[in-house]
Amino acid sequence: MGRSLRTFTGYTRPFIVKNARYATTGCPFSKRDRSQIAPTAELTEEIFSNAKPYSEVPGPKPIPILGNTWRMVPIIGQFDISEFAKVTKLFLERYGRIVRLGGLIGRPDLLFVYDADEIERIYRREGPTPFRPSMPCLVKYKSEVRKDFFGELPGVVGVHGDQWRRFRSKVQRPILQPQTVKKYVAPIEMVTEDFIKYMENAKDENGDLPHEFDNDIHRWSLECIGRVALDTRLGCLSSDLTSDSEPQRIIDAAKFALRNVAVLELKAPYWRYVPTPLWTKYVNNMNFFVELCSKYINEALERLKTKKVTSENDLSLLERVLRSEGDPKIATVMALDLILVGIDTISMAVCSILYQAATRLKQQEKMAEEIRRVLPDPSKPLCYSDLDKLHYTKAFVREVFRMYSTVIGNGRTLQDDDVICGYHIPKGVQVVFPTIVTGNMSQFVSDPEEFKPERWLENDGRLHPFASLPYGFGARICLGRRFADLEIQILLAKLIRRYRLEYHHEPLDYAVTFMYAPDGPLRLRMIDR
Ligand code: HEM
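Cut-offs applied
Residue numbers run consecutively from 1 along every chain, following the written order of its sequence. Predicted model: local features are reported for residues with pLDDT of at least 70 only, side-chain atom pairs are reported and counted for 80 or more only, and whole-chain, interface and lining totals are derived from all residues. Calculated side-chain values reflect all of the structure's heavy atoms, with hydrogen atoms and water omitted. Secondary structure elements are defined from DSSP: runs of H or I of at least 4 residues count as helices, runs of E of at least 2 residues count as strands, and each element is numbered from the N terminus. Relative accessibility decides the category of a residue: with a 1.4 Å probe and only protein chains considered, values under 20% of the type maximum give buried, values over 50% give exposed, and everything between is partly exposed. Here a strand pair is declared whenever DSSP counts at least two bridges between the two strands. Donor criterion used throughout: N, O or S atom within 2.8 Å of the metal, extended to 3.2 Å for Na, K and Ca. Water excluded; incomplete-looking sites may result. Interaxial angle, 0 to 180 degrees, is taken between N-to-C directions of lines fitted to C-alpha atoms, where a helix line uses only the stretch in contact. Here the angle decides the label: under 35 degrees means roughly parallel, over 145 means roughly antiparallel, 65 to 115 means roughly perpendicular, and every other value means oblique. Whether two residues are in contact is decided by their heavy atoms: any pair within 4.5 Å suffices. Being near a molecule or strand, for a residue, comes down to having at least one heavy atom within 4 Å of it. Residues adjacent in sequence count toward polar contacts only when both atoms are side-chain atoms; beyond that, a polar contact is any pair of N or O atoms within 3.5 Å, and within protein one must be able to donate a hydrogen and the other to accept it. Charged residues are taken to be Asp, Glu, Lys and Arg, nonpolar residues to be Ala, Val, Leu, Ile, Met, Phe, Trp, Tyr, Cys and Pro, and polar residues to be all remaining types, Gly included. A side-chain nitrogen of Lys or Arg and a carboxyl oxygen of Asp or Glu constitute a salt bridge if their distance falls within 4 Å. Distance thresholds for patches are 9 Å for like charges and 5 Å for nonpolar side chains (Val, Leu, Ile, Met, Phe, Trp, Tyr), applied to residues having over 30% relative accessible area and no salt bridge. Per-residue and other accessible areas were derived by the Shrake-Rupley procedure at a 1.4 Å probe size, with only the shown protein chains allowed to occlude residues. We call a pair of cysteine sulfur atoms a disulfide when they lie within 2.5 Å.

Colleague: Which parts of the structure should I look at to understand unusual backbone geometry?
Modeller: Generally, phi is negative for residues other than glycine and the peptide bonds are trans, each holding for most cases. Within the chain, Asp231 stands out as a residue other than glycine whose phi angle is a positive 55 degrees. Checked against the element boundaries, Asp231 lands in the loop between α9 (213–229) and α10 (246–266). With phi around 50 degrees, Cys421 is a residue other than glycine that occupies positive phi space. Here Cys421 shows up in the loop between β4 (418–420) and β5 (423–425).

If you want it as structure tokens, here you go:
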């Protein structure tokens, strides 16, 4: 997969933020600036009247007419969108723990908050309908361009307020119930076995995987999500996939949607006013997804009509939703949302996890030892309770997420005025939690530059729970996280049990395309154990 966006150099190691302003000796948490407000405290008149005005929040100054958007324009601006991760770190170094990026054409101010106490407070008081300011182009697609299809129940991604709450409450239970997720151990194991066979055939005489191995990881994740959200095997792992085959078109479409969201939304969003060529492509791309999901949901509906069901346990996730809601549109929109965000996120996370495993052999051996101990018989099918015992393996994944946060940040649009880091922040401002920076700040994590999975096992007291939240938090937390964890665990359990992964090429830098992942050919080497 060629990455067209520019990369930034020097990122083989994550950035470690040691801001002189917070430098302390001894316990890193004892002397840092603490939020003056308890996480769940009510904000009183007094707190507001003591707060400094919003206009005093430090940050890059907008220039007349062009605001701050010019800063994102290649050549003349200082910041490139692909360097978003680097920019967020620079903001902290230059301006401190709260930074305002105002004057962005066609969008509200962004407010970067690098304080885990404040992040905790904002999450904890976000109310029943948290507003994650994501994907205005998806909002326009769902609420205007295809209002005919989405109507009053447009899903969860890019949907807010009561519409979001109603949809989420319809699908949340079946998706997040451990009993549903357990049903997918065997199907995901089967997909993963096919993937490993595919890898065995694809490796060269040294055991090195091909240049486009990250594209192959996309195929695996698409096959997994097809099995979960559409009750089907899409056939993505077949070795003779042509560029116009359905699975390859789905992979391309998913990549297009995610990669272009940042371009459509952060650069001047003219598409809001005129249908630019990129916008037209985006709409056609989304139409392709809608048709695809409708096709497979209708097939599932037909199968369900003749299926013998004695208990809810006989039903797949999709069938549960079809049965309980009685409306195939809800199942279609749910599948669409899961696919839209469930391919690239997990693929990029897996690229990062496998690269780290292949370049950290000591830790990989510890995983292999644990996997063999918990799963001594390789011919025995996996079961959920055994996977749950892979504590070190899970901690390894958690540590990769902390150091190289796949999703670089999360955010919330303030629905009420707030006081953050001593400033009065008006409602409507979009607060950004730059997870990729806060997970590496010595104020919140002890020895952040050290890759230490054990920190997640030893209950290390010097690890702020809100510094690194790979799946977000609260009522809007990632809907697919149980499936994501399951897919990653199954892949590691099957692959590392059998093969030692190594990497014998130029070290890869990390870069943001949409996610944060190793940038370049992921030519891992598979060595029989
Ligand atoms: C390792 C992989 C993944 C990561 C790191 C990740 C991370 C995230 C994050 C940070 C959010 C925002 C949560 C918040 O606002 O608090 C989110 C939302 C979401 N994720 Fe994931 N995700 C992953 C995989 C998946 C998968 C595999 C699926 C689908 C099966 C999925 C479906 C969703 C959906 C539907 C939402 C929107 C939830 C809502 O707004 O109500 N994610 N994810």
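Here the narrative resumes, following the displayed structure.
Colleague: Mind showing me how you'd approach the pairing of strand β7 (residues 499–503) here?
Modeller: With four of five residues buried, β7 is to be regarded as a mostly interior element. In this sheet, strand β10 (residues 524–528) lies alongside β7 in antiparallel orientation, the contact comprising five bridges. Each residue of the ladder has a partner; that of Glu502, found in β10, is Arg525.

Colleague: When you look at the coordination of the iron atom of the ligand in this model, what are you seeing that I'm missing?
Modeller: Four donors placed tetrahedrally around a metal ideally meet at 109.5 degrees, and six donors placed octahedrally ideally meet at 90 or 180 degrees. Looking at the iron atom of the ligand, one finds just one donor atom contributed by the protein, Cys478 (SG), at 2.3 Å. For Cys478, the position within the fold is in the loop between α18 (435–438) and α19 (481–498).

Colleague: In this structure, what is going on with the packing of helix α14 (residues 344–359) against helix α15 (residues 361–374)? I would like to understand it.
Modeller: How two helices pack is summed up by the angle between their axes together with the distance between the axes. Where α14 meets α15, the axes come as close as 5 Å, and the angle between the chain directions of the two elements is 105 degrees. One element, α14, and the other, α15, form an angle in the roughly perpendicular class. Contacts between α14 and α15 involve Ala357, Ala358 and Thr359 from the first element and Leu361, Gln364 and Met367 from the second.

Colleague: When you look at the site of the ligand in this model, what are you seeing that I'm missing?
Modeller: Close to the ligand lie 26 residues; Arg132, Arg168, Arg412, Arg476 and Cys478 are nearest. Between the ligand and Arg132, the relevant distance is 2.7 Å, taken from an oxygen atom to a side-chain nitrogen or oxygen of the residue. Between Arg168 and the ligand, the recorded distance is 2.8 Å, taken from a side-chain N or O atom to an oxygen atom. Where the shell around the ligand is concerned, the elements lending two or more residues are α6 (161–176), α13 (328–342), α14 and β3 (410–413). The residue makeup of the shell around the ligand, split by class, is 17 nonpolar, five polar and four charged.

Colleague: When you look at the pattern of salt bridges in this model, what are you seeing that I'm missing?
Modeller: Pairing is possible between side chains of opposite charge, provided their charged atoms come close. Tallied over the entire structure, the rule returns 38 salt bridges. Across the pair Glu152 and Lys147 runs a salt bridge, and its minimum N-O distance is 3.9 Å. Under the relative-accessibility criterion, Glu152 is labelled partly exposed at 47%. Of the residues examined, Lys147 reaches a relative accessible area of 45% and is grouped as partly exposed. Asp216 serves as the salt-bridge partner of Arg219, at 3.8 Å between the closest nitrogen and oxygen. Separated by three residues within a single helix, Arg219 and Asp216 lie in helix α9, roughly one turn from each other. The two residues Arg219 and Asp216 agree in class, both being buried. Via salt bridges that share partners, Glu118, Arg121, Arg125 and Asp418 belong to a single interconnected network.

Colleague: Just to check I follow, could you spell out the side chain of Glu126 for this structure?
Modeller: Within the secondary structure, Glu126 sits in the loop between α3 (116–124) and α4 (136–145). With sequence-adjacent residues up to four places away left out, Glu126 is seen in contact with Arg412, Gln415, Phe473, Gly474 and Ala475.

Colleague: I keep staring at a nonpolar patch on the surface and nothing clicks. Help me out?
Modeller: A surface patch of nonpolar side chains, amounting to about 380 Å² of accessible area, comprises Tyr270, Tyr273 and Val274. As for its placement among the helices and strands, Tyr270 is situated in the loop between α10 and α11 (277–306). Overall, the relative accessible area of 54% leaves Tyr270 in the exposed class.

Colleague: In this structure, what is going on with the state of the cysteines? I would like to understand it.
Modeller: The bond known as a disulfide is covalent and runs between the sulfur atoms of two cysteines. Summed over all chains, the structure comprises zero disulfides. Of all cysteine sulfurs in the structure, the one in Cys224 sits closest to Cys383, which takes part in no disulfide; the separation is 18 Å. Judged by relative accessible area, Cys383 falls into the partly exposed class, the value being 30%.

Colleague: Even after reading the chapter, I still don't get the sheet that holds strand β6 (residues 430–433), so can you show me in this structure?
Modeller: The pairing of strands in a sheet happens through backbone hydrogen bonds and is either parallel or antiparallel. Here we have four strands laid out as an open sheet, ordered β1-β2-β6-β3, and mixed in their pairing. In this open sheet, the two edge strands, each paired with only one partner strand, are β1 (98–101) and β3. Between one strand axis and the next, the sheet turns by 25 degrees as a mean value, whatever way the strands run. Bridge analysis of β1 against strand β2 (residues 110–113) gives four bridges, and the strand direction is antiparallel. Residue pairing in the sheet places Ile98 in a bridge with Val113 of β2. Across the sheet, helix α2 (residues 84–95) touches β1 and β2, and the angle it forms with β1 is around 120 degrees. Strands in contact with α3 are β2, β3 and β6; relative to β6, the strand with the most contacts, it is inclined by about 130 degrees.

Colleague: Would you take a moment to explain the environment of Ala116 for this structure?
Modeller: Tracing the backbone through its elements, the reader meets Ala116 in helix α3. A relative accessible area of 0% means that Ala116 is categorised as buried. Counting along the chain gives 327 residues from Ala116 to Gln443, while the straight-line C-alpha distance between them is 9.1 Å. In contact with Ala116, other than residues within four places in its own chain, are Phe444, His464, Phe466 and Ala467.

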